[in-house]
Structure formats: C-alpha cells, structure tokens
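Report on the structure
If you want the building blocks of each chain, they are given just below.
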Amino acid sequence: MSQSFIEAKNVWKRYGGNVVLERLSLRIEEGEFCVIVGASGCGKTTFLRMLLGEETPDQGQLLLNGAPLPTEPDASRGVVFQRYSVFPHLTVLGNVLLGLELKAPLLGRFFGASRRKARTAASEMLERVGLAGAAGRYPAELSGGMQQRLALAQSLIARPRLLLLDEPFGALDPGIRHDMHELVTALWREQGLTVVMITHDIKEGFALGTRLFVFDKVRVDAQAPHAYGSRVTYDLPLHQSATPKLAVA
Amino acid sequence: MKRLINLHPPRLPALLMALLPFVLVFFVYVTASNERLAANPDDKILPAMTTFSRAIQKMTSPDPRSGQVILWLDTASSLERLGTAIGISALLGLVLGISLGAVPLFSAGFSSFVASLSMIPPMAVLPILFICFGLGELSKIVLIVFGVAPVIARDLQGRVQEIPRELLIKAQTLGASSWTIVVRVILPLVLPRLIEAVRLSLGAAWLFLIAAEAIASTDGLGYRIFLVRRYLAMDVILPYVIWITALAYLSDRCLAGIGRLAFPWHNRGAGA
C-alpha cells in the first residue's frame, strides 16, 4: 500500500488509569479536508494534540509522510484554536507579520527590504481574509469572527502543509460561522492544504469535509467508564465539492 | 432604593468625598495642636502651622555653612539610591522571572531556591550587608535589591506561566525558536506586568531605603528624619513624611502612566 500523508497505526493514549484512545488507526491523504466529530471526552482533542506534537502516543505510531511525527510543534503544522489563537499585544498587521518574522533568528524581526516584502505579503493576506480595513487595530477590538479570520491569516502566511483546526468556529454566531466556512473552504482549495478539523457539530462536519471521522468508544463498562478508550467508529468519504451548503444552526 | 453596591457617586461629590478624609485629618490636627500649645507654648509634639512653615523654609534655603539646600540634597541622595536599586531589581526580576517561567530546566534548578530567598526577611540580613559591603551606598542598594528583586521575579514567573498554552503552541507552529518566543511573545506580554510588579514593590523599597539610611548614612530623607528625632523636631519630621509620601505617590502615578502609554493593548477588555 502506498504511503499516506498522515497515518496512525494502533495508537493508544492513557492518562493514569483513564484510557482515552485505544487501537486508533487511520490514514489521511494529502489535500483532504478531514473533519473529526465525537462527543465530549471522546479523545478528538487528544488526537489533535498528538498531531500538533504536544502529546505523544503511549503505544503505536503516528507517521507524517512515513516518518514519525516530530514530538514538538513546528512550522510543518499550523493551528487555529477556539480561543487564544492571536497575540493580544500585536496589531492585526503585526500578528500576521509575526507569522513570517518568528523565523528570523536573532530578534525575531525583519528590517529594511525584507521587512517591506513581509509587510506586502501580510497586507495581501489580510486583504484575502477581509481584514484589510482593520490592520491597525488590536485583537481585543475585534469581534470573535474577525479574530478567527486573523488567526487563519496568521497560520496560513507561514505556509504549513497541514492545518489543524480545534473547534475554530465553536464560539461564533451562526451567520458568521457560515461566512467562515466559505473562507476556510476557499483557502483550503487555493493553498492545496491538508486540513484536520475538530468539531462537535456534525452538520458542520458534513458541510465542510471531504471526509468525516467519528470517534467513539466501542466497548463500554458502566462500572468503569474510563477503562476503555475511543477509536474511529465511522470513516465516511464525502464525495462532494466541499462547498458549505447550509448555514449551521 | 438601590443596593449599596450599585450606588455610584456623581463626579463632583466623588471628588469632595475623596478630599474629605484629608480635610478631616488636617482639622483634627489643628484643633489638637492649638489645645496643646494653649496649655504649653513650648510643646514640640504637635507644632503649629507657622512653626512648620519656618522649618520648611529653613530646610529649603541654602545652609549657611555648606551652601547646600538640605531638602534637595536629601531628596537627590534618596531618589538616586531608590532609582538605582529599583532599576537593578526590575532587570534582575525580569530576567529571572522569564527564565523561571519559560524554561522548565531552569525552574527545576532554581524555582525553590528563589522562593526560599524571597522568604528571608531582608532586614535580618542588613547586618551581613553592612559587614560585607561596608556602610556606603552599596549595602543600601543591595538591601533594596535583596528585598524587592526576588518578589518581582516570582510574580513574573507566575505571569509567564499564566500565558495561555495556545499562544506558545501557536508561536511554535509559526517556526519560532525558544529565543524568538521569549523576545517576541513572552517578553512583550509580561512587560506591563513588570510595571505593575514594580509599582507594588515601591512601598517595600521605600521601607528598606529609609531603614538603611536610618542606620548608616550621612544624608537622605530617612537619615534626616532619624537625625532630628533626637530633638523631637516634629516640625521637620512631619513635612518630610508628607514629602516622602508625595514622592512615592508621584512615582506610582508615573509608572502607571508609562504603562498605559507604552502598552495600549493591555487591559483592553477580555482580549483575544
């Protein structure tokens, strides 16, 4: 079988006696938009943290292009969290610039020509996500939807191959959520990204994904609810153009 | 009738209410002073306002022998000591606090040590400082730094650890190294906290300064107060106390203003 972009082989994760994931296996191909849904505590966030490199499997293997995933976050994987995804001390433009500047070794800043180039790139990215008019404002002055647009812009300007989304639209109003769905779908197409998104909203999953994973416990012991962990119980390929058709309630 | 916790005074009454305690204390003092002076015109404990103005005039005009104005001389020496010590403490506290808060390997080695250090009562080591560093400026500054820097460091350590893990993860996914995370994320996020920590430690810094000056010095605000105490010179002590209070209050307001100007993003609502 050919090599997948991401492959989980029989992954286990425990916290003390609490088994969160057991015998989790899945494959994700490059360019897919995968949505993971499941009840609270089903281990979907744990899995995302493993993909980020924040956590490591207790057993089994997590491979990126056939090689073990780096065990700390790095520039190959971008992320947008539900909250705290942008830096409160920087303006909107500063936040996007930071996505380029943090790689500069000594001061984490660019100067002169390279700074002008970075500013142009950052302004273009802001234009793309519809924040050009807010470039000089601080995140605390933005609405929740604008903050998440900014978080996306900041992540994408660093050109990750894999974009991880941790319930990014969970705190937004339904109308704004719909706009964000359109934006994220368009960016995914334009940049040829692979996206792994977590949501507890199954409608959102169907609206966005090319593939839907459901995490759930296969075995349940009523006397010891933590004795068994979750794994993929459904793996649904969604053969669709991945345009958001419904405004999610 | 609204609940007490929902009643807010309008602006002008609020200002008057703020002034009221000061006026009240002044009035009580003048009454008590008049009564004591009526009973004994030579009483030195509660001097009259005219006595104060004479003493203040004497302290603010050039001394006939040295030609120096004693109040300015004392103020300059005290502020120089305080400023140097606070500056060193802030820098030390910032470097230590960020290292302790951001680098687990460093905090594993030094966290308990700094915590213990901050528990030593600085006044208890003052004799050691005098023995080691002599009676000059150095021991006074070391005393203040010893009393203030570990507290600032521990405060900032806590602040660094309060930074949401999401922000640090995000920075790493943007390709940051530990160093660029410190200079572009952690440092700017805790700088406003440093100003707050310094403001809170100003009171302690003044305490250590005056204590050190009282014991071994030849000038300074604390030195003067303890010098004239021998003559029960309340007419000098009380204006000095008010002057010290005014200086402390002003430095606090200045720091608060600097914080507001330099970090406009800070304390703007819930934040991102």
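Residues numbered from 1 in each chain as written. Chains lettered and ligands numbered in written order. Predicted model: local features only at pLDDT ≥ 70, side-chain atom pairs only at ≥ 80, totals over all residues. Heavy atoms only, no water.

Some details on helix 10 (residues 234-262) of chain B
All names here are of chain B. Taking 1.5 Å as the rise per residue, helix 10 with 29 residues should run 42 Å; its terminal C-alpha atoms sit 41 Å apart, in good agreement. Among the residues making up helix 10, those that are buried are Asp235, Val236, Ile237, Pro239, Tyr240, Ile244, Leu247, Asp252, Leu255, Ala256, Gly257 and Gly259. Packing partners of the buried residues in helix 10 comprise helix 2 (49-60), helix 3 (70-102), helix 8 (178-215) and helix 9 (221-228). (Helix = DSSP H or I, 4+ residues; strand = E, 2+ residues; numbered from the N terminus. Expected span 1.5 Å × (residues − 1). Buried < 20%, exposed > 50% of the residue type's maximum accessible area, 1.4 Å probe, protein only. Contact = heavy atoms within 4.5 Å.)

As for empty space enclosed by the protein
Residues and elements named next belong to chain A. Applying the stated rule across the entire model yields one cavity of 30 Å³ or more. Here the largest cavity defines a volume of roughly 40 Å³. Contributing to the lining of the largest cavity are Glu167, Gly170, Arg177, Thr199, His200, Asp201 and Glu204. Taken together, the residues that form the lining of the largest cavity break down as no nonpolar, three polar and four charged. (1 Å grid on protein atoms, 1.4 Å probe; cavity = no way out; pocket = protein on both sides within 12 Å on 5 of 7 lines; lining within 4 Å. Points joined across faces, edges and corners; volume = space filled by probe spheres on them. Nonpolar A, V, L, I, M, F, W, Y, C, P; charged D, E, K, R; others polar.)

Structural notes on the nonpolar core
In terms of nonpolar packing, the biggest core is built from 62 residues, with Phe87(A), Ile144(B) and Tyr240(B) touching the most fellow members. Elements represented by at least two residues in this core include exactly helix 2, helix 3, helix 5 (122-133), helix 6 (137-162), helix 7 (165-173), helix 8, helix 9 and helix 10 of chain B. Considering each element in turn, this core owes the most residues, 16 residues, to helix 8 of chain B. Not counting chain neighbours up to four residues away, the residues in contact with Phe87(A) comprise Asn95(A), Leu98(A), Pro139(A), Gln154(A), Leu167(B), Lys170(B), Ala171(B), Leu174(B) and Val185(B). If you look at the next biggest cluster of nonpolar residues, it comprises 40 residues, including Ala134(A), Ala151(A), Leu187(A) and Leu193(A). (Core = buried A, V, L, I, M, F, W, Y, C linked by side-chain atoms within 4.5 Å.)

Some details on the domain arrangement of chain A
Residue and element names in this part refer to chain A. Domain assignment breaks chain A into domain 1 (1-76 + 160-249) and domain 2 (87-142 + 152-158). Each partner contributes residues to the interface: domain 1 has 12 residues there, and domain 2 has eight residues. For the pairing of domain 1 and domain 2, the buried interface totals around 820 Å² over both sides, and the portion due to carbon and sulfur atoms is 73%. Looking only at domain 1, the three residues that lose the most surface to domain 2 are Pro160, Leu183 and Leu187, adding up to 47% of its buried area. Between domain 1 and domain 2 we count one salt bridge in total. Note that Glu190 and Arg128 form a salt bridge whose closest N and O atoms lie 2.7 Å from each other. Our count for the contact surface shared by domain 1 and domain 2 stands at one residue pair in polar contact (both at pLDDT 80 or more). (Domains from an automatic or database assignment. Buried area = accessible area lost by both parts, 1.4 Å probe. Salt bridge = Lys/Arg side-chain N within 4 Å of Asp/Glu carboxyl O. Polar contact = N/O pair within 3.5 Å; in protein donor to acceptor, adjacent residues only side chain to side chain.)

Section: the interface of chain B and chain A
Across the boundary between the two partners, chain B contributes 25 residues, which contact 40 residues of chain A. Counting the surface lost from both chain B and chain A, the interface buries some 2,900 Å², and carbon and sulfur atoms represent 64% of this. Applying the counting rule to chain B against chain A returns two salt bridges. Between Arg184(B) and Glu101(A) there is a salt bridge whose closest N-O contact spans 2.7 Å. At the boundary of chain B with chain A, the tally comes to 11 residue pairs in polar contact (both at pLDDT 80 or more). Every element with two or more residues in the side of chain B that touches chain A is listed here: helix 7 and helix 8 of chain B. By residue number, the principal contributor to the side of chain B that touches chain A is helix 7 of chain B, which donates eight residues. Tallied by class, the residues present in the side of chain B that touches chain A amount to 14 nonpolar, six polar and five charged.

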